[in-house]
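# Analysis of the macromolecular model
Listed below, chain by chain, are the residues.
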Amino acid sequence: MKFGVLVFPGSNCDHDAYHVLSKHVGQPVDFIWHRQTDLSGYDAVIVPGGFSYGDYLRAGALARFSPVMKAVKEFAAEGKFVFGICNGFQILCEAGLLPGALMRNNNLHFVCKHVNLRVENNRTPYTDEITEAKVLSIPIAHADGNYVCDDETFQSLEENGQIVFRYCDENGEITADSNPNGSRSNIAGICNLDRNVLGMMPHPERACEELLGSNDGREIFRSLAGSIEALAA
Amino acid sequence: MTSPAITPELIEQHVTPEEYGKIIEILGREPNFTELGIFSVMWSEHCSYKSSRVHLRRLPTAGERVIVPPGENAGVVDIGDDWCVAFKVESHNHPSFIEPFQGAATGVGGILRDVFTMGARPIAAMNSLRFGPLAPNEKGATTRKIANRNKSILKGVVEGIGFYGNCFGVPTVGGEVVFDEAYNLNPLVNAFALGLVRKDQIFFGKASGIGNPVLYVGAKTGRDGIHGATMASAEFDDEALEKRPTVQVGDPFLEKLLLEACLEAMRSGAIEGIQDMGAAGLTSSSVEMADRAGTGLELDLTLVPQRETGMTAYEMLLSESQERMLIVAKAGRERELVEIFNKWDLDAVVIGKVVEGNRLKVIHHGELMADLPVDKLTDEAPRYERPMEAPAYASVGRDERAAKWKARAQEARHGERDLLQVLETLLSSPDICSKHWVYEQYDHMVRTNTAILPGADAAVVRVKETRRAISMCLDGNGLYSAVDPLEGAKLTVSEAARNNVCVGATPIAVTNCLNFASPERPKIMWAFSQTIDGMKAACETFDTPVISGNVSFYNETDGDGVLPTPTIGMVGLLEDVRKLVTQGFKKKGDVIALLGTTNDDLSVSEYSQAVLGISTNELIEIGSVPALDLTLEKTVQETCLKLADEMLIASAHDCSDGGLAIAIAECCFSSLNNAPDGAALELSSNGLDPEAVLFSESPSRIVISFSPENADSVASVAEEMGCPFEVIGKVEGDDLKISIDGSEVLNAPVAALEMKWKHALESLLEA
């Protein structure tokens, strides 16, 4: 099993993802420079958080033109795993690998804090080791995390179980107060129809140690590692 | 292009008549326009420390852990296992008043470059911020219009810090936000950064090796920030806002690329010396690098990457365009460096070479534009022993002050004493209330090392490569320093050390940012000198040498200056991150105790200001700062450290602003993974008023809690250390209940208190 962590100019959570995969998931991992075009040999690619291209024009809008993104699309089409976190989620939406878009937070501020997420679908490769409706404590850190999509897209996301995480309160209730950025229907993370591509605004790589306040992010990475293993078997 | 002729007006815009005389003496001729520009920035207060140098040398700068003392871009201390941390705090006050967003952003950018220039990857940032009040004060100088401007300055500064730090990818883990009318027209923005570097991979700003090529790397040069250093070396008047073009514009994305490229270039082994182009840009970086190595430099400005056309030598030398570095490469290896920078889409161009001798020669379009002796620009810069004079109020003794304050307090306190109302007023005072509105706009978790979230006594980041963690805090107290600069500085350093101790870390070194009004006023210079003496005494007590820092004078507008405000950045070391301590109570039934003693230190306090409404100016005349005994302070701190090291305590919290009642309330409040707790305290008055018992700001006090099983061990550690120790209550229920000498004086649900504390700042900002 081998993970790759993409590095765009301005990625700044690349080291954090690398650290979690190598130390806490215990799997081999490489950094992949954005000009690289060959992803053979990898089982999963992490599109990490940060400010690729300084968020110029629009968050994720320029990164999608990086040479590596063509390879990422092919990689996803082969059914391999592509996991976008924060800026990575924005890039995957811009690249058309996930539907919808991420707009400015409704309070117009950057927001960094721990939030609660409810696992809406545990029948995905990223959540299949987590009990359904479990509440995870995972931090967010973004200015553009307000998920929007048209009604038709929203309906198909719902029907196909593509909404994977929703912001909730500590009891798992989906409330307006627990929505930190104005996202439609409290959406925090979605997957594609085939469920091999996941994007989420919260940072599970920041929640893999007691010392940092939460371990809950590990469950996502462990589910993914398990799914890769199952696929190989 | 012909340079302007040197006229008396032109001279006056650049240097004083005496300084001009000295220039002629040095050169044996008149300088040309470009040379005059170079002298003016190198001899500016900001670059030359001409008013402060004679005092700064009294500070202790040596110590076992000190690897790089002051004088480089940042100081460096050893943290063990061949790892070091580089850190520094620097002001960006003047630009942040003129243009809050960019001023604060480029302040962060500058300090980050100072740190990674040393070869250290920045792993934490903090900010110390001071503004005028957010609400109008009918009796004071803050009109509605000024209060509104203060709000917009605060919002701009916070947004600017977030904009830069978040994009760059450094966690902003702590700091302070303080309000006083003295900062109405002079906000203070002090930015701190800390980086991690291996002991054998530290880089220096030295232009050594005759014949080595000089590379310009990073962003292109434009006309922004010309004379920024000079602007920061003068007071403001009502035309201040016209100085906006002297404020630089920051690009954190470019800085992030510059960081990665520099660290990669450093690993290549092709770099001889490197320095950030900060204040006074290309001029100060080249002069300082040559000066440190005792060499000369020849630069050809025609080769400098430019983003504007028709720039003159003067403009290029004085530009403060951001995100640029000057590198001296090992001869023959410049190509490798250029390739690394190009990989990161950055310019890297050879613009000159290191030469024998001591002269800086600047060529532009084939013409020699400046030819100056390097050492004369630095060592021979003017040094002033400015006149000093103690203000009249400084000679009024403590007893006389105490009597005056008592009478004034009596007058301000009318009717029944409602201690709950006092507590609520203090909890929602802008100085004390939660600053989550501010720090949630900063990414404080990136790099996954943040072991204590912002809002605590000190921030803690663990060092992944070791078992260790670094603690850090920024502390200043303009009010204490205004009333008594000597004691104020000691109190500030003591509190900074105590804050580190409260998280279980041993304080190891200090960086300082000294924010003062005009040094040309003898009373300001007196306060500055007193501050240095106080800082020296306290730093020696805690064995925390000063390894870097910055002086910011001329923080005044139309003759109104800031309070003397030394900001202390104290860094501590936790040998084992698993032993870190946090401030919140952990478990019902735990015992609450106080290390240290409460005295009658109510006069210069949040209580005096926020509750009694006594102004800063009045307090300067009639107040007394809390009495500090450095030996006792040291004992209290060592006791707390021993308790933390032996893992006997569940929590520790510094007892300072707002006094014991505020400290206890903060220990009760919720935190991540911890629901709020109640507490029942039984205090004895020892002859003090209830207000003094609850709100006195006596230093050298720490609130601790521990499991009842550890009670005997804790008490015996305190006894063995000779530390005043008193059990004052226990963690129980959901309410804060306090009785004094057996009668209840306060009883309130913690949840309601927490709501007031938590939402005070945002309701002021949104009003």
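Nothing here was measured: the structure is a model prediction, and the numbers come from that model.

Cut-offs applied
- Residues numbered from 1 in each chain as written.
- Chains lettered and ligands numbered in written order.
- Predicted model: local features only at pLDDT ≥ 70, side-chain atom pairs only at ≥ 80, totals over all residues.
- Heavy atoms only, no water.
- Helix = DSSP H or I, 4+ residues; strand = E, 2+ residues; numbered from the N terminus.
- Rg over C-alpha atoms; globule rule 2.2 N^0.38 Å.
- Buried < 20%, exposed > 50% of the residue type's maximum accessible area, 1.4 Å probe, protein only.
- Areas by Shrake-Rupley, 256 points an atom, 1.4 Å probe, with all protein chains shown as cover.
- Lys, Arg positive; Asp, Glu negative; His and termini not counted.
- Charge placed at Lys NZ, Arg CZ, Asp CG, Glu CD.
- Arc of directions from axis to C-beta.
- Contact = heavy atoms within 4.5 Å.
- Axes fitted to C-alpha atoms, helices over the stretch in contact; angles between N-to-C directions.
- Parallel < 35°, antiparallel > 145°, perpendicular 65-115°, else oblique.
- Nonpolar A, V, L, I, M, F, W, Y, C, P; charged D, E, K, R; others polar.
- Salt bridge = Lys/Arg side-chain N within 4 Å of Asp/Glu carboxyl O.
- Buried area = accessible area lost by both parts, 1.4 Å probe.
- Polar contact = N/O pair within 3.5 Å; in protein donor to acceptor, adjacent residues only side chain to side chain.
- Disulfide = S-S within 2.5 Å.
- Phe/Tyr/Trp six-rings, centres within 6.5 Å; stacked < 30°, edge-to-face > 60°.
- Core = buried A, V, L, I, M, F, W, Y, C linked by side-chain atoms within 4.5 Å.
- Pairing = 2+ DSSP bridges.

On to the overall build of chain A. Helix and strand content of chain A: five helices and eleven strands. What you see for chain A is a C-alpha radius of gyration of 16 Å, in line with the 17 Å of a compact globule of 233 residues. C-alpha extents for chain A along the principal axes are approximately 45 × 40 × 35 Å. Among the 233 residues that make up chain A, the fraction classed as buried is 62%. Looking at chain A as shown, the accessible area adds up to about 8,700 Å², and 47% of this sits on carbon and sulfur atoms. Within chain A, one finds 19 positive and 30 negative side-chain charges whose respective centroids are separated by 4 Å.

This brings us to helix H4 (residues 151–159) of chain A. Residue and element names in this part refer to chain A. For H4, the full list of buried residues reads Thr153, Phe154 and Leu157. Considered in projection along H4, the buried side chains sweep an arc of 100° and stay on one side of the axis. Facing away from the buried surface of H4 by more than 90 degrees, the exposed residues are Asp151, Glu152 and Glu159. Those residues of H4 hidden inside the fold are in contact with strand E8 (146–148), strand E9 (163–168) and strand E10 (187–191). Looking one or two places after H4, you find Gly161, whose phi comes out positive at around 65°.

So, about the packing of helix H3 (residues 33–42) of chain B against helix H11 (residues 281–293) of chain B. In helix packing, the relevant descriptors are the interaxial angle and the interaxial distance, both defined with respect to the helix axes. Residue and element names in this part refer to chain B. Put simply, H3 and H11 touch, their axes get as near as 10 Å, and they point 75° apart. Regarding the angle of H3 to H11, the classification is roughly perpendicular. Where H3 approaches H11, its residues Ile38, Val41 and Met42 are matched on the opposing element by Thr283, Ser284 and Val287. When grouped by side-chain class, the residues that make up the contact of H3 with H11 number four nonpolar, two polar and no charged.

All names here are of chain B. This structure, assessed with the given rule, holds 56 salt bridges over all chains. The salt bridge involving Arg333 is made with Glu336; its shortest N-O contact spans 2.9 Å. Arg333 gets classed as partly exposed once you look at its relative accessible area, which sits at 27%. For Glu336, a relative accessible area of 33% puts it in the partly exposed group.

Here the focus is the interface of chain A and chain B. Counting residues at the interface gives 29 residues for chain A, matched by 32 residues for chain B. Roughly 2,600 Å² is buried in total at the junction of chain A and chain B, and carbon and sulfur atoms are behind 60% of that figure. Where chain A touches chain B, the interface holds three salt bridges. A salt bridge links Asp345 of chain B to Arg35 of chain A, with the nearest nitrogen and oxygen atoms 2.9 Å apart. Across the chain A-chain B interface, the total number found is twelve residue pairs in polar contact (both at pLDDT 80 or more). Here the side of chain A that touches chain B is built from residues that sort into 13 nonpolar, ten polar and six charged.

Turning next to unusual backbone geometry. Even without being glycine, Tyr53 of chain A reaches a positive phi, approximately 50°. Assignment of secondary structure puts Tyr53 of chain A in the loop between strand E3 (44–47) and helix H2 (67–77). Exposure remark for Tyr53 of chain A: the relative accessible area of 16% places this residue in the buried category. In this structure, His365 of chain B takes a positive phi of about 50° despite not being glycine. Residue placement: His365 of chain B occurs in the loop between strand E12 (359–364) and strand E13 (367–373).

Residue and element names in this part refer to chain A. Turning to H2, its buried residues number three or more, namely Val68, Met69, Ala71, Val72, Phe75 and Ala76. End-on, the buried residues of H2 take up no more than an arc of 160°, which puts them together on one face. Exposed residues pointing more than 90 degrees away from the buried face of H2 are listed as Lys70 and Ala77. Elements that come into contact with the buried residues of H2 comprise strand E1 (3–7), strand E2 (29–33), E3, strand E4 (81–85), helix H3 (87–94) and strand E11 (197–200). A positive phi of about 90° marks Gly79, the residue just after H2.

A separate point is the state of the cysteines. For the structure shown, the criterion picks out zero disulfides over all chains. Unpaired in this structure, Cys93 of chain A has its nearest cysteine sulfur neighbour in Cys149 of chain A, at a distance of 9.6 Å. In this structure Cys93 of chain A comes out as buried when scored by relative accessible area, which is 10%. Its sulfur unpaired, Cys655 of chain B is 8.8 Å from the next cysteine sulfur, which belongs to Cys667 of chain B.

Next up on the list: the packing of aromatic side chains. Residues and elements named next belong to chain A. Per the stated rule, a full pass over the model turns up 20 aromatic pairs over all chains. Ring geometry for Phe81 and Tyr126: centres 6.1 Å apart, planes at 90°, overall edge-to-face. With a gap of 45 residues between them, Phe81 in strand E4 and Tyr126 in the loop between strand E6 (111–119) and strand E7 (135–142) connect regions that are remote in the sequence. Like Phe81, the residue Tyr126 is buried in the burial classification.

One finds Phe83 and Phe165 of chain A together with Phe341 of chain B to be the most contacted residues of the largest nonpolar core, which totals 146 residues. It is helix H10 (residues 252–268) of chain B that provides the largest number of residues to this core, a total of ten residues. Once you skip the residues sitting within four places of it in the chain, Phe83 of chain A turns out to touch Val45, Ile46, Val47, Leu92, Tyr126, Leu198, Met200, Pro204, Ile220, Phe221 and Leu224 of chain A. Counting residues in each nonpolar core, the second largest holds 98 residues, with Val503, Phe528, Leu563 and Val625 of chain B among its members.

We now examine the sheet that holds E12 of chain B. All names here are of chain B. Taken in spatial order, the seven strands line up as E8-E10-E7-E11-E9-E12-E13 in an open sheet, and their pairing is mixed. Bordering the open sheet on either side are strand E8 (271–276) and E13, each of which pairs with just one other strand. Strand after strand, the sheet turns through a mean of 25° between neighbouring axes, direction not considered.

So, on to the pairing of strand E2 (residues 75–80) of chain B. Residues and elements named next belong to chain B. The element E2 is extensively covered by neighbouring structure, given that six of its six residues are classed as buried. As paired strands, strand E1 (residues 66–68) and E2 are joined by two bridges and run antiparallel to one another. Its bridge partner being in E2, Val68 is matched across the sheet by Val76. The turn joining E1 and E2, which pair antiparallel and follow one another in sequence, is formed by six residues; a positive phi near 125° is taken by Gly71. Linking two consecutive strands that pair antiparallel, namely E2 and strand E3 (residues 83–91), is a turn of two residues; a positive phi of about 55° is found at Asp81 within it.

Residues and elements named next belong to chain B. With their axes 11 Å apart at the nearest point, helix H7 (residues 100–116) and H10 run at an angle of 5° to one another. The angle between H7 and H10 places the two elements in the roughly parallel class. Taking contact as the criterion, the partners of Gly109, Leu112, Arg113 and Phe116 in H7 are, on H10, Glu255, Leu258, Leu259, Cys262 and Met266. In terms of residue class, the contact of H7 with H10 is built from six nonpolar, one polar and two charged.

The next thing to look at is the environment of Ile111 of chain B. As for its position among the elements, Ile111 of chain B is in helix H7. Sequence separation between Ile111 of chain B and Lys22 of chain B is 89 residues; the distance between their C-alpha atoms is 32 Å.

The next subject is the side chain of Thr221 of chain B. All names here are of chain B. Mapped onto the elements of the fold, Thr221 is located in the loop between strand E7 (213–218) and helix H9 (228–231). Side-chain polar atoms of Thr221 contact the side chain of Tyr216, separated by 2.6 Å. Among the polar contacts listed, one links the side chain of Thr221 to the side chain of Arg324, at a separation of 2.7 Å. Apart from the residues lying within four places of it in its own chain, the contact partners of Thr221 are Tyr216, Val304, Pro305, Gln306, Arg307, Glu308, Met311, Met316, Ser319, Ser321 and Arg324.

The next point concerns the sheet that holds strand E15 (residues 459–462) of chain B. Residues and elements named next belong to chain B. Taken in spatial order, the six strands make up an open sheet running E14-E15-E16-E21-E17-E18, and their pairing is mixed. The sheet is open, and its two edges are formed by strand E14 (450–452) and strand E18 (546–552), each paired on a single side. Recorded for the sheet is a direction-independent mean angle of 25° between the axes of neighbouring strands. Bridge count for E14 against E15 is two bridges, and the pairing is antiparallel. Paired with Thr450 across the two strands is Val461, which belongs to E15.

Attention shifts here to the pairing of strand E28 (residues 743–749) of chain B. All names here are of chain B. By the bridge criterion, six bridges tie strand E27 (residues 735–740) to E28 in an arrangement that is antiparallel. Looking at E28, one finds that Lys737 is bridged to Asn747. Connecting E27 to the antiparallel partner E28 that follows it, the hairpin turn spans two residues, and Asp741 within it adopts a positive phi of roughly 50°.

Such coordinate-based values are descriptive only and should not be taken to indicate function.
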